[in-house]
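# Topology and contacts: notes
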Amino acid sequence: MSKKRASKSKEIPTTSSILLVGAPSPSLDRKKSGLEGSRFDVTLAENICYAEIYAETQYFDAAVYDDSLPAEEKIALASVMRVRWPWMRLVSLGPVSSQELFDAIEASESQLPESLRSVLG
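So, a few notes on the structure that sits alongside this text. Residue positions within a chain follow its written sequence, with the count starting from 1. Where local features are concerned, this predicted model is filtered to residues with pLDDT of at least 70; where side-chain atom pairs are given and counted, the filter is 80 or more; whole-chain, interface and lining totals use all residues. Side-chain metrics in this entry use all non-hydrogen atoms of the structure; hydrogen atoms and water are not considered.

## Concerning the overall build of the protein
Here is the rule we go by: Every helix listed is a DSSP run of H or I at least four residues long, and every strand listed is a run of E at least two residues long, numbered separately from the N terminus. Burial classes follow relative accessibility: with a 1.4 Å probe on protein chains only, a residue under 20% of its type's maximum area counts as buried, one over 50% as exposed, and anything between as partly exposed. All accessibility values rest on the Shrake-Rupley procedure with a 1.4 Å probe; residue burial counts only the protein chains present in the view.
Helix and strand content of the protein: five helices and four strands. Helices (α) and strands (β) of the protein occur, in sequence order from the N terminus, as α-β-α-β-α-β-α-β-α. For the protein, with 121 residues in total, the buried portion stands at 36%. Of the roughly 6,900 Å² of accessible surface on the protein, 53% is carried by carbon and sulfur atoms.

Structure, rendered in C-alpha cells:
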C-alpha cells in the first residue's frame, strides 16, 4: 500500500514559486489568480523594492515583471536578480531595451514552461 502512495505522489506536479512584480491593478490580480489556479505559489510584489526584499527572504523559481512596471525599473531589478539569484528565470511582460537580462520578453516565448506560457500569454 505504501508503494502505491509513493508512486501517486510522484504524479502530482510540484508547485513552482513565482514572484510577480507589478503595480496594483485588476489585470495584475487576474494574472496572480491565473497563476495560482495553475498550481503556482505566487508572491505579489507591488514594486521593485518589495520584490528585492521578498527575493532575499524566500526562494523563487521565476520572477515575472508585469507590463505595468516601467522598463527602467524592470532592468534595474533584473540586473540585481541576475547576479544575486542566477537560477531564477526572469520574464518581462512587455518590451525592454536590455533583453539579454531576461530569459523571456513575452509570455509566448518557448523558453518558458508551457504551464507558465498558458497562464501569462
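On we go.
## Things to note about the pairing of strand β4 (residues 89–92)
What counts is decided by this rule: Pairs of strands are assigned from DSSP output, requiring at least two bridges between the strands.
Here four bridges tie strand β3 (residues 62–65) to β4, and the two strands are oriented parallel to one another. Bridge pairing in β4 places V64 opposite V91.

## Considering the environment of V80
Our working definition: Should any heavy atoms of two residues lie within 4.5 Å, those residues are considered in contact.
Structurally, the position occupied by V80 is in helix α4 (residues 71–84). Exposure remark for V80: the relative accessible area of 26% places this residue in the partly exposed category. Linking V80 and E52, residues 28 residues apart in sequence, is a C-alpha distance of 8.3 Å. V80 has contacts with E52 and W85, leaving out every residue within four places of it along the chain.

## Section: the sheet that holds strand β1 (residues 17–21)
Worth spelling out the cut-off: Angles shown run from 0 to 180 degrees and are taken between the N-to-C directions of axes, each axis being a line fitted to C-alpha atoms and, for helices, limited to the stretch in contact.
Read from one edge of the open sheet, four strands run β2-β1-β3-β4, paired in parallel fashion. Two strands in the sheet have a free side with no partner beyond their single neighbour: β2 (41–45) and β4. Between one strand axis and the next, the sheet turns by 20 degrees as a mean value, whatever way the strands run. Pairing analysis gives five bridges linking β1 to β2, with the strands arranged parallel. Directly across from L19, in β2, lies its bridge partner T43. Contacts from helix α2 (residues 26–37) reach β1 and β2 within the one sheet, and its direction differs from that of β2 by about 160 degrees. Lying over the sheet, α4 contacts β1, β3 and β4, oriented at roughly 170 degrees with respect to β3.

## Section: the packing of aromatic side chains
For the record, the criterion: Any pair of Phe, Tyr and Trp rings, taking the six-membered ring for Trp, is counted once the centres come within 6.5 Å. Such a pair is stacked with planes under 30 degrees apart, edge-to-face with planes over 60 apart, and tilted for the rest.
Scanning all chains against the criterion turns up three aromatic pairs. Judged by centre distance (5.8 Å) and plane angle (5 degrees), the ring pair of Y59 and W87 falls under stacked. Residue Y59 is located in the loop between α3 (48–57) and β3, and its partner W87 is located in the loop between α4 and β4; the two are separated by 28 residues in the primary sequence. For Y59, a relative accessible area of 47% translates into the label partly exposed. The exposure class of W87 is partly exposed, given its relative accessible area of 42%.

## Details of the nonpolar core
Selection rule: Here, nonpolar core refers to any group of buried Ala, Val, Leu, Ile, Met, Phe, Trp, Tyr and Cys residues whose side-chain atoms link them within 4.5 Å.
Formed by 20 residues in total, the largest nonpolar core has its most connected members in L19, V21, Y65, M81, M88, L90 and F102. When residues of this core are traced back to their parent elements, those giving at least two are β1, α3, β3 and α4. Considering each element in turn, this core owes the most residues, four residues, to α4. Filtering out sequence-adjacent residues up to four positions away, F102 remains in contact with Y65, K74, I75, A78, R82, L90, V91, S92 and V96. Within the second largest apolar cluster, eleven residues are counted, among which are I18, F40, V42 and A104.

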